[in-house]
Amino acid sequence: MIPLSILDLAPVPEGSDAGAALRNSVDLARHAEQWGYNRYWFAEHHNMPGVASAATAVVIGHVAAATNTLKLGAGGIMLPNHAPLVVAEQFGTLASLFPGRIELGLGRAPGTDMPAARALRRNLATEADGFPRDVVELMGYFKPVQPGQPVQAVPGAGLEVPVWILGSSLFGAQLAAMLGLPYSFASHFAPAAMEQAVEVYRSRFEPSEQLDRPYVMLGLNVFAAETDEEARLLFTSVQQSFVNLRTGRPGKLPPPKAGYYETLEPMAKAMVDQALSCSVIGSPETVKAGVKEFAERTGADELIVTANIYDHKARLRSFEILSEAARELNATLS
């Protein structure tokens, strides 16, 4: 069985606040460490009342301090929002505080709407090659300082923080392949180009100092509970949240609503079905079979799982069920 990791948006449920959401993330990360998850990433989003991980580097540091061995990282930092030197200093600081545990995923999108992108005060009129150039500049700050180098990241220089490229299109796949970096595809919410992007990445991959062969991690929604019916009910929170976001009404994570999907108009159903098609929802046996099928069908080297579940205890239980399913699959393969 391939490794399993967690992508956390620090979801803020209705009736709660960001502080509680971040405390829940610490609790989940501690459990994830015990359950054997490989890495734990936070995503950068802005101007979204239901997401508390906007200050991604700060959140990573807080969770790293509360855990011992778990790899912590960004999935990802949206590089158009930041100067590469600032990101290098932030993650160089994290890597200095938590050696060997910090990694950096980089994305090309702003992770927000246009008004918030303007408020982030970066130049929105970026050229086509701006993101690749920024990635290369950022990676350079993690290398040892060269004689006469005018600008260096302190901390950061010489720390060789592992860098990933994130994507939901062929652009990121091509860049990751060209630079010889590991690649993570956002199939958990934008699966349309998944198979083609993976093929492009693997076929064009050029070995680098960081990586000698292609490595693909795919996003997957997993909602696990004691029964299929209970898991499907938990999943309605994400369905509601997704419809709200796509119709210009972003908010906190709604509580589950029985029969919600059946109330949607055909176009809304089609949108949800397409965007969330990479999802495994059900009982322990259903989840075990679904994760196995997805891994075998895609040939992923690793899966990064997300589950925005309204009730924190139910969310913990979902990830626990998944970890148990993974152990059972490993036992059958060994």
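This is a predicted model, so every value here is computed, not measured.

## Description of helix α2 (residues 56–65)
In terms of burial, α2 is largely enclosed, as 7 of its 10 residues are buried. Taken residue by residue, α2 has Thr56, Ala57, Val59, Ile60, Gly61, Val63 and Ala64 as its buried positions. Next to the buried residues of α2 lie α1 (18–35), β2 (39–42), β3 (71–78), α3 (84–97) and β4 (102–107).

## Here we look at unusual backbone geometry
With omega at 5°, the peptide bond leading from Gly75 into Gly76 counts as cis. Locating Gly76 in the fold gives a position in strand β3. The amide bond that connects Val154 to the next residue, Pro155, takes the cis arrangement and shows omega of -5°. By the element assignment, Pro155 lies in the loop between α5 (130–141) and β5 (163–167). Positioned with a positive phi, Asn47 is a non-glycine residue whose angle comes to about 60°. Positive phi outside glycine occurs at Glu160, with the angle close to 50°.

## Here's the deal with the nonpolar core
Residues Phe91, Leu104 and Leu303 are the most contacted members of the largest nonpolar core, which totals 92 residues. The next biggest cluster of nonpolar side chains, apart from the first, holds 10 residues, and it includes Leu9, Trp41, Trp164 and Leu166.

## Thoughts on the packing of helix α6 (residues 170–179) against helix α7 (residues 194–204)
Relative orientation of the contacting elements α6 and α7 amounts to 15°, with a least axis distance of 8 Å. In terms of axis orientation, α6 runs roughly parallel to α7. Our pair here, α6 against α7, has a crossing hand that is right-handed. For the pair formed by α6 and α7, the contact residues are Leu170, Ala173, Gln174, Ala176 and Ala177 on the first element and Gln196, Ala197, Val200, Tyr201 and Arg204 on the second. Residue composition of the contact of α6 with α7, by class: 7 nonpolar, 2 polar and 1 charged.

## Focus on the packing of α5 against α6
Put simply, α5 and α6 touch, their axes get as near as 11 Å, and they point 35° apart. Note on packing geometry: the crossing formed by α5 with α6 is right-handed. Within the contact between the two elements, α5 uses Phe131, Pro132, Val135, Val136 and Met139 and α6 uses Phe171, Leu175 and Leu179. Of the residues in the contact of α5 with α6, the class split is 8 nonpolar, no polar and no charged.

## Points about α5
The end-to-end C-alpha distance of α5 is 17 Å, a good match for the 16 Å that 12 residues give at a rise of 1.5 Å each. Residues Gly130, Phe131, Pro132, Asp134, Val135, Leu138, Met139 and Tyr141 constitute the buried set of α5. For α5, the secondary structure elements touched by its buried residues are α3, β4, β5 and α6.

## Quick look at the pattern of salt bridges
Inspection of the entire model under this criterion finds 13 salt bridges. For Lys143, the salt bridge goes to Glu209, with nearest N and O atoms at 3.6 Å. Of this pair, Lys143 sits in the loop between α5 and β5 while Glu209 sits in the loop between α7 and β7 (216–224), and the two are 66 residues apart along the sequence. For Arg297, the salt bridge is made with Glu293, and the minimal N-O distance between the two is 3.0 Å. Within this pair, Arg297 and its partner Glu293 are both found in helix α10 (residues 284–298), separated by 4 residues, close to a single helical turn.

## Quick look at the packing of aromatic side chains
Per the counting criterion, the structure on display carries 9 aromatic pairs. Measuring from centroid to centroid gives 5.3 Å for Tyr40 and Phe42, while their planes differ by 55°, and the two rings are tilted. For the pair formed by Tyr40 and Phe42, the shared burial category is buried. Taken together, the ring pairs in this structure connect Tyr183, Phe185, Tyr201 and Phe205 into an aromatic cluster.

Cut-offs applied
- Residues numbered from 1 in each chain as written.
- Predicted model: local features only at pLDDT ≥ 70, side-chain atom pairs only at ≥ 80, totals over all residues.
- Heavy atoms only, no water.
- Buried < 20%, exposed > 50% of the residue type's maximum accessible area, 1.4 Å probe, protein only.
- Helix = DSSP H or I, 4+ residues; strand = E, 2+ residues; numbered from the N terminus.
- Contact = heavy atoms within 4.5 Å.
- Core = buried A, V, L, I, M, F, W, Y, C linked by side-chain atoms within 4.5 Å.
- Axes fitted to C-alpha atoms, helices over the stretch in contact; angles between N-to-C directions.
- Parallel < 35°, antiparallel > 145°, perpendicular 65-115°, else oblique.
- Left-handed = near helix turned anticlockwise from the far one by under 90°.
- Nonpolar A, V, L, I, M, F, W, Y, C, P; charged D, E, K, R; others polar.
- Expected span 1.5 Å × (residues − 1).
- Salt bridge = Lys/Arg side-chain N within 4 Å of Asp/Glu carboxyl O.
- Phe/Tyr/Trp six-rings, centres within 6.5 Å; stacked < 30°, edge-to-face > 60°.

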